[in-house]
Amino acid sequence: MAETLDIRNLHVRTEEREILKGVNLTLRQGEVHALMGPNGAGKSTLAYVLMGHPGYEVTEGEVIFKGQNILELEPEERAHLGLFLAFQYPVAVPGVTIANFLRAALNAKRQAQGLEEISILEFRKLLMDKMRLLKMDPAFAGRYVNDGFSGGEKKKAEILQLAVLEPEFAVLDETDSGLDIDALRIVADGINALRGPERGFLVITHYKRILDYVQPDYVHVMVDGRIVASGGPELADELEAKGYENLLATVRG
Amino acid sequence: MATPAVELLKELEEYKYGWKSPEVYVYKAPKGLNEDVVRKISELKEEPEWMLEYRLQALKHFLERPMPNWGPDLSDLNFDEIVYYVKPAEREGRSWDEVPEEIKRTFERLGIPEAEQKFLAGVGAQFESEMVYHRVKEELERLGVIFISIEDGLKQYPELFREYFGKVVPYTDNKFAALNAAVWSGGSFVYIPPGVKVEQPLQAYFRLNVANIGQFERTLIIVDEGAEAHYVEGCTAPLYTTDSLHTGVIEIIVKRGARFRYTTIQNWSTNVYNLVTQRALVYEDAHMEWVDANIGSKVTMKYPSCYLLGRGAHGEILSLAFAKDGQVIDNGGKVIHLAPDTTSKIVSKSVSKGTGRASYRGLVKVHKGAKHVKSHVVCDALLIDETSRSDTYPYIEIEEDDVTIGHEASVSRVSEEQVFYLRSRGLSEEEAVTMVVAGFIEPMVRELPMEYAVELNRLVQLEMEGSVG
Ligand SMILES: Nc1ncnc2c1ncn2[C@@H]1O[C@H](COP(=O)(O)OP(=O)(O)OP(=O)(O)O)[C@@H](O)[C@H]1O
Ligand SMILES: [Mg+2]
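Residues numbered from 1 in each chain as written. Chains lettered and ligands numbered in written order. Predicted model: local features only at pLDDT ≥ 70, side-chain atom pairs only at ≥ 80, totals over all residues. Heavy atoms only, no water.

Asker: Mind showing me how you'd approach the interface of chain A and chain B here?
Answerer: Often, the extent of an interface is quoted as the loss of accessible area upon association of its parts. If you look at the interface, chain A gives 36 residues, while chain B gives 24 residues. Approximately 2,500 Å² of surface area, both sides summed, lies buried where chain A meets chain B, with 60% of it carried by carbon and sulfur atoms. The interface formed by chain A and chain B includes 3 salt bridges. With a shortest N-O distance of 2.5 Å, A:Glu74 and B:Arg423 are connected by a salt bridge. At the surface where chain A touches chain B, the tally comes to 13 residue pairs in polar contact (both at pLDDT 80 or more). (Contact = heavy atoms within 4.5 Å. Buried area = accessible area lost by both parts, 1.4 Å probe. Salt bridge = Lys/Arg side-chain N within 4 Å of Asp/Glu carboxyl O. Polar contact = N/O pair within 3.5 Å; in protein donor to acceptor, adjacent residues only side chain to side chain.)

What follows is the structure in structure tokens.
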């Protein structure tokens, strides 16, 4: 049976104010959901809170995955359980190569799952396979994590991590922003290759373009901390044509 | 990072605590320092008269000289509680077979791999204040390289020895140099003939083995014109309950067109005062590099220096300090530009954790007439906890107009965003912080020979254990 990631009545605040004001959303393995919405609506906040960022306070609600409320888990425990976040602004870790970082991450996950550590050789092969999939130069594995990367390189590196860690649910926060046309194509192909019955996606984006490549099953619109509209792929077309203002007017009646 | 954080965790247990071999020695001086002790040391070493005189003069200077009025607090250091000389029972071995089992075990406990133990054929290991094992590899002999104990240097090459000994670091330099000059014992004597390039690093391992012994190692290295070599010295030490003192003096002469690198990995146990004077004289077009990693000790004061004496000379100091709870590591480097067209670079990386305090103290001095000097200083500090401290004392003294001096300094903390990013990929908080630290020191670790890089990463990882949560 397909797993679900069930977000129920999620309220989140920072010290200053409430940002998420009751978000409800159910993702199923095998599905691709797109999340759109104006700047500052709370999309990244939702992504961070799902992953366990310490800077936010959950005041109400729960997120059920594999029978437990994951909001009670540490970020690494959520990762071990099969959650992944491709960051809108990936962080640099100078001095740590992508290869070493990813091997450590993969082994940490395997250890938590009671699996054997992957050998250096096996890992190398895995990494090279995934890099080929994303048309990346093998030398990239030796670069320091996000250190001095271009915007596009950072986004590709996030997808590479996704490909290596093979999570059950992946949240992609504006992975399409800052990519040139070719890179967008490659990243989209990568996502499509990783798509399957055992994986669910939440694709946060401002642009319909990526949704032409990665066809979503559902599209949601978030405004001011709430999901105000949900629909099929046609909702993205409608948004593109009308803009948020008009759509909002329609929704609010 | 040479090896990822997670993978190494299980290998660390055995490094966690210091261990100690049984004490084996034939003579052990009474505690405290006076003329009799110095005479006894010189007598047991069968030294020439001039050396005894030198030691006695140095002792006089040591006793008269006040303690330094700057830098870390040394008030707990009691010179009367220290044993200044221990003569081990074993004699120096000539071949690997002759090396006492106990010392072989020492190497094993230090985690030196099997294959490398053979490689140790060219290694001098200091055991209880004296070289016990020393065999110069045939290859080195063929090249005419001298790599022997400092005692043998004095005996076998009296003229060469006397020409340079105490000339780079005179005993009047500082109180601890004077102390070392009075009671020195153990260390290496190295001579690289003109034009000879030694590919493999010359290695020496040091280990303190008797409680309360001050180790006063003395090393003299002469790199003749156009020669090239790399000397590596690493040490780990058992833990003791009473204070120990390590006061070394390293003198290096890098002649015209020669290149030399001296690497130290220092991991004294946290009761040791590590007060070392290291200096190199660098002549025309010669290159000198100090790579200095300080992880252990209670207090370290160490500022490797380069005196750039000839046109086109280059000096480089890469220093790394890792201070954890209660440790004070005050290190950095000094470059004195005394000739035109000389260049230098100082890169310092320090990590402070808990109540640890790792500081950079450095001097770049350009003398009048040293035109077209270029020097660049970079010091980066990483603080792990709110209680950690780092200070920077970058002294610059310039007597010449036509110079280019750059200085960059940064202090950073392990950021919440970095830690969250790494945790979101499945690393624990401790593994995440360790990874950030390992990345921070990577530019330094990369400069070390492979086996030392692995050892250093292990040490850092060990220091990070139990540091968060
Ligand atoms: N850690 C924080 N502290 C204070 N305010 C925050 C924090 N994180 C987010 N906010 C605020 O919450 C609101 C939602 O931010 P969020 O980044 O979630 O929006 P977004 O929908 O991802 O926007 P964009 O499309 O521009 O990426 C914004 O007003 C933002 O300034
Ligand atoms: Mg956002």
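Asker: Mind showing me how you'd approach the site of ligand 1 here?
Answerer: Residues and elements named next belong to chain A. Of all residues adjacent to ligand 1, which total 16 residues, the nearest are Arg 17, Lys 43, Thr 45, Tyr 56 and His 206. For ligand 1, an oxygen atom lies 2.8 Å from a polar atom in the backbone of Gly 40. One of the side-chain nitrogen or oxygen atoms of Lys 43 is found 2.8 Å away from an oxygen atom of ligand 1. Starting from 630 Å² of accessible surface for ligand 1 in isolation, the protein chains cover 67%. The residue makeup of the shell around ligand 1, split by class, is 4 nonpolar, 8 polar and 4 charged. (Near = heavy atom within 4 Å. Areas by Shrake-Rupley, 256 points an atom, 1.4 Å probe, with all protein chains shown as cover. Nonpolar A, V, L, I, M, F, W, Y, C, P; charged D, E, K, R; others polar.)

Asker: What is the right way to look at helix α5 (residues 151-165) of chain A in this model?
Answerer: Because an α-helix packs 3.6 residues into every turn, residues spaced three or four apart end up facing the same way. Residue and element names in this part refer to chain A. In this model, α5 (15 residues) spans 22 Å end to end at C-alpha, consistent with the 21 Å of a helix rising 1.5 Å per residue. Within α5, 12 of the 15 residues are buried, leaving the element largely enclosed by the surrounding structure. Looking at α5, one finds that the buried residues are Gly 152, Lys 155, Lys 156, Ala 157, Glu 158, Ile 159, Leu 160, Gln 161, Leu 162, Ala 163, Val 164 and Leu 165. Trailing α5 by a residue or two, Glu 166 shows a phi angle of about 45 degrees, which is positive. (Helix = DSSP H or I, 4+ residues; strand = E, 2+ residues; numbered from the N terminus. Expected span 1.5 Å × (residues − 1). Buried < 20%, exposed > 50% of the residue type's maximum accessible area, 1.4 Å probe, protein only.)

Asker: Mind showing me how you'd approach the coordination of the magnesium ion (ligand 2) here?
Answerer: A metal bound by six donors in octahedral fashion has ideal angles of 90 or 180 degrees, whereas one bound by four tetrahedral donors has an ideal angle of 109.5 degrees. Bound to the magnesium ion (ligand 2) are the protein donor atoms A:Ser44 (OG) and A:Gln88 (OE1), situated 2.0 to 2.2 Å from the metal. Here A:Ser44 is found in helix α1 (residues 43-51), whereas its partner A:Gln88 is found in the loop between β6 (83-86) and α3 (98-112), with 44 residues between them in sequence. (Donors = N, O, S within 2.8 Å, 3.2 Å for Na, K, Ca; no water.)

Asker: Explain helix α10 (residues 416-423) of chain B to me, please; I cannot follow it from the model alone.
Answerer: Burial within α10(B) is extensive, with 6 of its 8 residues counted as buried. Those residues of α10(B) not exposed but buried are B:Gln418, B:Val419, B:Phe420, B:Tyr421, B:Leu422 and B:Arg423. Tucked inside the fold, the buried residues of α10(B) contact α1, α2 (75-81), α3 and α5 of chain A together with α11 (429-445) of chain B.

Asker: Can you walk me through the packing of aromatic side chains in this structure?
Answerer: Geometry of an aromatic ring pair is reported as the spacing of the ring centres plus the angle between the planes. Residues and elements named next belong to chain B. All chains considered together, the criterion is met by 23 aromatic pairs over all chains. One aromatic cluster in this structure is built from Trp 50, Tyr 54, Tyr 157, Phe 161, Phe 165, Tyr 171, Trp 184 and Phe 189. In this arrangement the basic side chain of Arg 55 is found over the ring face of Trp 184, its NZ or CZ atom lying 4.4 Å from the centre. Sitting over the ring of Phe 440, Lys 349 keeps its end group 4.4 Å from the ring centre. (Phe/Tyr/Trp six-rings, centres within 6.5 Å; stacked < 30°, edge-to-face > 60°. Lys NZ or Arg CZ within 6 Å of the ring centre and 35° of its normal.)

Asker: Help me understand the domain arrangement of chain B, please; the structure alone is not making it clear to me.
Answerer: Residue and element names in this part refer to chain B. If you check the domain split of chain B, you get domain 1 (23-302) and domain 2 (415-469). Counting residues at the interface gives 17 residues for domain 1 and 11 residues for domain 2. Buried area between domain 1 and domain 2, summed over both chains or domains, comes out near 1,200 Å², and the portion from carbon and sulfur atoms is 66%. Across the contact surface, domain 1 and domain 2 share 1 salt bridge. Two residues, Glu 447 and Arg 261, come together in a salt bridge whose shortest N-O distance is 2.8 Å. If you look at where domain 1 meets domain 2, you find 1 residue pair in polar contact (both at pLDDT 80 or more). Those elements that provide at least two residues to the side of domain 1 that touches domain 2 are β7 (202-207), β9 (228-236), β12 (259-267) and β14 (287-294). In terms of residue class, the side of domain 1 that touches domain 2 is made up of 8 nonpolar, 6 polar and 3 charged. (Domains from an automatic or database assignment.)

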